[in-house]
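# Chain and residue survey
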Amino acid sequence: MAHINSNYLNIKESYLFSEVAKRAAAFKAAHPEADVIRLGIGDVTRPLCPKVIEALHSGVDDMGKAESFKGYGPEQGYDFLKNSLKDYYALKGVELDKDEIFVSDGAKSDLGNILDIFSKDNVVLVPDPVYPVYVDTNTMDGREIVYLEANEANGFLPLPDDSIKADLIYICSPNNPTGAVYNKEQLTQWVNYALKNNSVILFDAAYECFVSDPSLPRSIYEIEGAKTCAIEFCSFSKTAGFTGTRCGYTVVPFALERDGCSLNKFWLRRQTTKFNGVSYIVQKGAAAVFTPDGIEQIKENIDYYKQNAKTITDTLDRLGIWYCGGKHSPYIWFRCPDNMGSWEFFDALLERANVVGTPGEGFGECGKGFFRLTSFSTHENTQEAMRRFEKAFGKND
Ligand code: PLP
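Reading guide: rules and limits
Residues numbered from 1 in each chain as written. Predicted model: local features only at pLDDT ≥ 70, side-chain atom pairs only at ≥ 80, totals over all residues. Heavy atoms only, no water. Helix = DSSP H or I, 4+ residues; strand = E, 2+ residues; numbered from the N terminus. Expected span 1.5 Å × (residues − 1). Buried < 20%, exposed > 50% of the residue type's maximum accessible area, 1.4 Å probe, protein only. Contact = heavy atoms within 4.5 Å. Near = heavy atom within 4 Å. Polar contact = N/O pair within 3.5 Å; in protein donor to acceptor, adjacent residues only side chain to side chain. Nonpolar A, V, L, I, M, F, W, Y, C, P; charged D, E, K, R; others polar. Phe/Tyr/Trp six-rings, centres within 6.5 Å; stacked < 30°, edge-to-face > 60°. Pairing = 2+ DSSP bridges. Axes fitted to C-alpha atoms, helices over the stretch in contact; angles between N-to-C directions. Core = buried A, V, L, I, M, F, W, Y, C linked by side-chain atoms within 4.5 Å. Arc of directions from axis to C-beta.

### Comments concerning helix α11 (residues 342–353)
Residues that lie three or four places apart on an α-helix share one face, since the helix turns once every 3.6 residues. Compared with an ideal rise of 1.5 Å per residue, which puts twelve residues at 16 Å, α11 spans 16 Å between its outermost C-alpha atoms and is within 8% of the ideal. For α11, every residue scored as buried is listed here: S342, W343, F345, F346, A348, L349, L350 and A353. Contact partners of the buried residues in α11: α1 (16–30), β12 (331–335), β13 (355–356), β14 (358–359), β15 (370–374) and α12 (379–393). Following α11 by one or two positions, N354 adopts a phi angle in the positive range, close to 55°.

Okay, structure coming up:
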């Protein structure tokens, strides 16, 4: 008889986005005339930039000619893309070998799959609130999870606690859901903790492209010593609007060893066994992101979202509402007005302003009383949503 992986029974039903959708649909059914604006979804809306489209087309043309047709490619990505990524890291002052970079179909898959190369006995440290994938993938493997409290007092940027011994540490900066970003000094504390405890940091840099202050790190490898204690995950999803096109990359440095084994070799072995690579066409499109025109064009889209973030933070500033994020991140995380609970505020925002956001407690206990808005909508919708927000929750109203 086949037995199931009973750890799946321990995964909490993630009702967050389904509950959001259910409540929004019920509201719409009761108020068909209402123009509901959605600022809750973490998906991009701007189309792929022209340079990427051109490269995708040329990739398709290559596949139609015998001399340029491609069958199975290297599981870890074509050199042309790995070399572009290497150059991209060099711009951040990080020197990598192209074979330290592994191309994949996105950061989410790699964040889950990387656990194949780690013991199930490892203790995992995750901040609370958190991107739920870190918790669920470890629960599926039966690992012990320890939570580290992020709150208003620490600016939602918890620092290492020497009384906690963790083997795997998740850090997401700029953070989803809070939008908070670690500075170099803070990340150095994490790297030092990992070096002292022989832990491995799993650094999620999915939102690095939103960092515009050059003093803030966009890669964990900007921190001395990180190549011996960290794996980095990144993606074209938010950088270049690839959420539906699918392409990401993971960096496993040669210098990273545990139990006398190279984690780069383990990951290569894992990927060549269980993964057959990203389509040539998509990799062609991804490489175009890092051409001079591509960089300029994706910047226009990122700036577009950043303007939306500013519309949101300007409103919160005027209303005197505490928030973090929004400056180097597409996410704005704020304390619910009038001490409302997350879901209470969700309903109030929907009823009074016809705006949908995401209740903070859906990301963990410490998210209670907080709320997430995203800047991925249009200028028009964001401005209108915040005009209504201000009218509904402004003190003079
Ligand atoms: N990491 C974080 C923190 C995210 O918020 C997301 C997507 O929302 C991902 C990773 C997944 O990215 P990808 O689209 O590359 O799978």
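### Looking at the environment of I169
Here I169 shows up in strand β5 (residues 168–172). I169 sits in the buried class, given a relative accessible area of 1%. C-alpha of I169 to C-alpha of V44: the two residues are 125 residues apart in sequence and 28 Å apart in space.

### Some points on the site of the ligand
In the vicinity of the ligand, 15 residues are found, and the nearest of them are A107, D204, Y207, S235 and S237. For the ligand, an oxygen atom lies 2.9 Å from a polar atom in the backbone of K108. Within the side chain of N176, an N or O atom sits 2.8 Å from an oxygen atom of the ligand. Put simply, the parts of the chain that give the shell around the ligand at least two residues each are α4 (107–113) and α7 (237–240). With three residues, the top contributor of residues to the shell around the ligand is α4. The residue inventory of the shell around the ligand, partitioned by class, reads seven nonpolar, four polar and four charged.

### Things to note about the packing of aromatic side chains
Scanning the entire structure with this criterion turns up 31 aromatic pairs. A centroid spacing of 5.1 Å and a plane angle of 70° characterise the contact between Y207 and Y331, whose relative ring orientation is edge-to-face. With Y207 in the loop between β6 (200–204) and β7 (230–235) and Y331 in strand β12, the pair connects residues that are 124 residues apart, well separated along the chain. Of the two residues, Y207 and Y331, neither departs from the other in class, the shared state being buried. Seen in terms of ring centroids, F236 and F242 are 5.5 Å apart; in terms of plane orientation they differ by 40°. Their pairing is tilted. Taking relative accessible area as the criterion, F236 reaches 1% and is therefore assigned buried. Taking the relative accessible area as the measure of exposure, F242 reaches 0% and is therefore buried.

### Thoughts on the pairing of strand β2 (residues 101–104)
Of the two faces of β2, the one carrying I101 and V103 and the one carrying F102 and S104 are both buried. Pairing geometry for β2 and strand β8 (residues 248–251), over four bridges, is antiparallel. Residue V103 lies in a different strand from β8, and its bridge partner there is Y249.

### Quick notes on the sheet that holds β14
Taken together, the four strands give an open sheet; going across it, the order is β11-β12-β15-β14, and neighbouring strands pair in antiparallel fashion. Each edge of the open sheet is held by one strand with a lone partner, namely β11 (323–325) and β14. Across two bridges, β14 lies against β15 in antiparallel orientation. If you follow T358 over to β15, its bridge partner there is R372.

### Some thoughts on the sheet that holds β7
With mixed pairing, seven strands are arranged side by side in an open sheet as β2-β8-β7-β6-β5-β3-β4. Every other strand in the sheet has two partners, leaving β2 and β4 (144–149) as the edge strands with one partner each. Strand-to-strand twist in this sheet, taken as the mean axis angle between neighbours without regard to direction, amounts to 20°. Pairing analysis gives four bridges linking β6 to β7, with the strands arranged parallel. Its bridge partner being in β7, L202 is matched across the sheet by I231. Relative to β2, helix α3 (residues 79–91) is tilted by about 120°, and along the sheet it contacts β2, β7 and β8.

### Quick look at the nonpolar core
Core analysis: the biggest nonpolar cluster contains 101 residues, and F236, F334 and F389 have the highest contact counts within it. Looking at this core, the element that brings in the most residues is helix α10 (residues 292–319), giving eight residues. Residue contacts for F334: discarding those within four places in its chain leaves L316, I321, W322, Y323, F345, G369, F370, F371, L373 and F389. Of all hydrophobic cores here, the second largest spans 24 residues; its members include A107, L115, F118 and V124.

### Some remarks on helix α2 (residues 50–63)
For α2, built from 14 residues, the straight-helix expectation of 20 Å at 1.5 Å per residue is met to within 8% by its first-to-last C-alpha distance of 20 Å. Within α2 the residues assigned to the buried category are V52, A55, L56, G59 and D62. Angularly, the buried residues of α2 cover 115° about the axis, an arc narrow enough to put them on a single face. Away from its buried face, by an angle of more than 90 degrees, α2 presents the exposed residues P50, E54 and H57. Along its buried surface, α2 packs onto α9 (280–288).

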